[in-house]
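Overview (structure and organization)
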Amino acid sequence: MAGSDVDERFVVAGVAHVRSSWFAQVAAWASGGVSAIEFVKCVSVAELRARIRAGVAFSAALVDASVSGVDRDLLTVATEAGISVIVIADPRGSRDWRALGAAAILPPAFTTDDLLTTLEATAVPVGERSVRTAADVVAEPTATSWFRGNVVAVCGRGGAGTSVASMSLAQGFGVAHGSTCLADWTLNGDLAAYHDAADVIPAVPELVDAHRTAVPGRHTIESMLHQVEPRHYALLLGVRSRRDWVALRPNAVAATLASLAAMFRWTVCDVTADLESESDTGSTEIEDRHALAHSAIDAADLVVVVANPTLKGVRDVVGLIDDLGRLGIAAPRLQVLVNRAPRSPRVRAEVTRAISDLSQNTLERTPIFLGERRGMELLHRCADRLPSQMTAPLASAIAAIVSPVAVGQSQVSR
């Protein structure tokens, strides 16, 4: 092993309870020269995160599964920094740490040979980082779902009618294709009111928390969804307060959306149009606050940008299109939807031209126009079926962009 070379050694961080026997033992091995490693004790998960963000070079991190804060997000942050995470866990436990991103799992009573063998198989010595990367390390593959449905993010400024567009699209998909989920991915949780939901638990906070330390099964996920029978879709209710974002860790949020996409043929996300990131503001807290929006935008096969045909509506949608462009959302992944659109072809042409002329992000397709409908407030109060004259054409148009095969199959089935 090359670890005896001072320039090529394993630098290992550790997080555990103070009285954990393995924690003290690894420190003794390192200080006594029994194992050719450098061991750095961290008193908490927060300290380990801070060291990783500061750019400290670690080969691996030994983390005790029983420590608070050892979850999907910590494993993802470490892995993205090129640090292999080795979880010290009871092998009889039910938690699938490999599926959460762990490079390896060791029992609490591991030996020095067990540790060195695991490090050699999963980690990169610090001195070799210039010539080796984490991609060179052979890691045991984790089980993943072979199916991935279509994800559509519906985004718009306040008053544009984003929630109505999301519900219309979800119903259209549900009636035409089945297997559809509507997810309230906003910071306002408006869909609960639109569906007259008397019970707002479980919802996004519970499902995201379930993904923080595990990979929930289909039955668990289904138990957290509300079936909206008249509209043919499953509903995931949103946060109960805008303050709930502090408990939504970004990687757990992304994993939640991935689970929905693995279960449903169509997942429609109603998204808040707050998209500022750390690169815009210099604040990681702002980016974490917008984790729901960023996860949906990043995962979406198509982002539907909702506007209304007013002066302010056009201004809002142009700004939102430009914001999405700065996030790397190219024109092929954008579709403008004008809600409460006038009947006049001349006015519709003027709206189209105004959006095209003012936006810095050149659009590939003309807007889709969704006309005004009466009696919508009553339908929202009783969560009754939305007019098919509104939902079917919208779903057909979006499906033709995202998945032409799905459109063809639905037409044949009819």
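Okay, so let's go over this structure. Here the structure is a predicted model, which means the values were calculated and not measured.

Below, the discussion takes up a negative patch on the surface. Taken together, the side chains of E276, E278, D280, E285 and E287 present a region of like negative charge at the surface. For the negative patch, the elements supplying multiple residues, two or more each, are α11 (278-281) and α12 (284-289). Its place among the elements puts E285 in helix α12.

Right, let's get into the packing of aromatic side chains. For the structure on display, the rule yields 5 aromatic pairs. When the ring of W22 is compared with that of F23, the centres are 5.6 Å apart and the planes differ by 80°; the resulting orientation is edge-to-face. One aromatic cluster is present, built from ring pairs that chain together W22, F23, W29, F39 and F110.

Strand order in the open sheet formed by 8 strands is β8-β9-β7-β10-β6-β11-β12-β13, with mixed pairing between adjacent strands. The open sheet has two free edges, formed respectively by β8 (226-228) and β13 (368-371), since each of these has just one partner strand. On average, each strand axis in the sheet is tilted by 25° relative to the strand beside it, whichever way the strands run. In the sheet, β8 pairs with strand β9 (residues 233-236) via 3 bridges, with the strands oriented antiparallel. Residue pairing across strands places Q227 opposite A234, the latter belonging to β9.

Attention now goes to the packing of helix α10 (residues 250-263) against helix α13 (residues 291-299). In the contact formed by α10 and α13, the axes pass within 9 Å of each other and the chain directions differ by 45°. Between α10 and α13, the interaxial angle falls into the category oblique. In this structure, α10 meets α13 at a crossing whose hand is right-handed. Of the residues in α13, those in contact with P250, V253, A254 and L257 of α10 are A291, L292, S295, A296 and A299. Split by residue class, the contact of α10 with α13 holds 8 nonpolar, 1 polar and no charged.

Quick look at unusual backbone geometry now. Positive phi outside glycine occurs at S179, with the angle close to 45°. Relative to the helices and strands, S179 resides in the loop between α6 (162-177) and β7 (180-185). Assessed through its relative accessible area of 37%, S179 is described here as partly exposed.

Right, let's talk about the pattern of salt bridges for a bit. Under the counting rule described, the total for this entry stands at 15 salt bridges. In this structure, the salt-bridge partner of E38 is R9, at a minimum N-O distance of 3.0 Å. A residue pair is termed long-range when its members are at least 10 positions apart, and E38 in strand β2 (residues 37-42) and R9 in the segment before β1 (10-15) qualify at 29 residues. By relative accessible area, which is 27% here, R9 ends up partly exposed. R49 serves as the salt-bridge partner of D71, at 3.9 Å between the closest nitrogen and oxygen. Of this pair, D71 sits in the loop between β3 (60-64) and α3 (72-80) while R49 sits in helix α2 (residues 45-53); the two residues are 22 residues apart in sequence, bridging distant segments of the chain.

A general feature of soluble globular proteins is that nonpolar side chains tend to end up buried together. If you look at the biggest cluster of nonpolar residues, it comprises 49 residues, and the most contacted ones within it are W185 and L324. Counting 34 residues, the second-largest nonpolar core is a separate cluster that includes A160, A170, L386 and L394.

Looking now at the pairing of β13. In β13, alternate side chains face the same way, and those of I368 and L370 are buried while those of F369 and G371 on the opposite face are not. In this sheet, β13 lies alongside strand β12 (residues 334-341) in parallel orientation, the contact comprising 4 bridges. Bridge assignment links N339 to a residue of β13, and that residue is L370.

The next thing to look at is the pairing of β2. By the bridge criterion, 6 bridges tie β1 to β2 in an arrangement that is parallel. The residue of β2 that forms the bridge with G14 is K41. Where the polypeptide runs from β1 across helix α1 (residues 21-32) and back to β2, its parallel neighbour, the crossover connection is right-handed.

Along the chain, the position of V15 falls in strand β1. Considering only alpha carbons, one finds V15 and R340, 325 residues apart in sequence, at a separation of 55 Å. Each residue touching V15, except ones within four places of it in the same chain, is listed here: W22, F23, C42, S44, V45, L48, L62, V63, D64 and V67.

Another aspect to go through is the packing of helix α8 (residues 204-212) against α10. Two elements in contact, α8 and α10, have axes separated by 8 Å at closest approach and are oriented at 100°. On the basis of their axis angle, the class for α8 and α10 is roughly perpendicular. Here L207, V208, H211 and R212 of α8 lie close against α10, whose contacting residues are A252, V253, A255, T256, S259 and L260.

Note that S277 resides in the loop between β10 (266-272) and α11. Look past the residues within four positions of S277 in its chain and what remains in contact with it is G282, E287 and H294.

This next bit is on the side chain of T213. Within the fold, T213 resides in the loop between α8 and α9 (218-222). Look at T213 and you get buried, because its relative accessible area is 13%. Setting aside anything within four residues of it in sequence, one finds T213 in contact with V70, D71, R95 and L100.

Here we come to the state of the cysteines. For the structure on display, the rule yields 0 disulfides. Lacking any disulfide linkage, C155 is separated from the closest cysteine sulfur, that of C269, by 11 Å. Looking at C155, the relative accessible area reads 0%, which means it is buried.

What counts, and where the lines are drawn
Counting restarts for each chain: residues are numbered from 1 in the order of the written sequence. Given that this is a predicted model, residues contribute local features only at a pLDDT of at least 70 and side-chain atom pairs are listed and counted only at 80 or more, while totals for whole chains, interfaces and linings are drawn from all residues. Excluded from the side-chain calculation are hydrogens and water; included are all heavy atoms of the structure. Surface patches are drawn from residues lacking salt bridges whose relative accessible area is over 30%; two like charges belong together within 9 Å, two nonpolar side chains (Val, Leu, Ile, Met, Phe, Trp, Tyr) within 5 Å. For the area figures, the Shrake-Rupley method with a 1.4 Å probe applies, and any residue is considered shielded solely by the protein chains shown. Any Lys or Arg side-chain nitrogen found within 4 Å of a carboxyl oxygen on Asp or Glu counts as a salt bridge. By the counting scheme adopted, Arg and Lys are positive, Glu and Asp are negative, and His together with the chain ends is not counted. Here the site of a charge means NZ on Lys, CZ on Arg, CG on Asp, or CD on Glu. Under the scheme used here, helices are H or I runs from DSSP no shorter than 4 residues and strands are E runs no shorter than 2 residues, and both carry numbers assigned from the N terminus. In summary, the pairing rule links any two rings of Phe, Tyr or Trp, Trp by its six-membered ring, whose centres are within 6.5 Å, and it sorts them by plane angle into stacked for under 30 degrees, edge-to-face for over 60 and tilted for everything else. By definition, two strands form a pair when at least two bridges between them are found by DSSP. Axes here refer to lines fitted to C-alpha atoms; in helices the fit is confined to the stretch in contact. Angles between the N-to-C directions go from 0 to 180 degrees. Oblique is the label for any angle not covered by the other classes, which are roughly parallel (under 35 degrees), roughly antiparallel (over 145) and roughly perpendicular (65 to 115). Crossings are sorted by hand: turned counterclockwise from the far helix by less than a right angle, the near helix makes the crossing left-handed, and turned clockwise it makes it right-handed. Whether two residues are in contact is decided by their heavy atoms: any pair within 4.5 Å suffices. Nonpolar residues are Ala, Val, Leu, Ile, Met, Phe, Trp, Tyr, Cys and Pro. Charged residues are Asp, Glu, Lys and Arg, and all others, Gly as well, are polar. The rule is simple: take the accessible area with a 1.4 Å probe, protein chains only, and divide by the maximum for that residue type; under 20% is buried, over 50% is exposed, in between is partly exposed. Residues belong to one nonpolar core when they are buried, are Ala, Val, Leu, Ile, Met, Phe, Trp, Tyr or Cys, and are joined through side-chain atoms within 4.5 Å. Handedness rule for crossovers: strands pointing away from the viewer, path from the first strand over the helix to the second running clockwise, crossover right-handed. Note on disulfides: each one is a pair of cysteine sulfur atoms within 2.5 Å.

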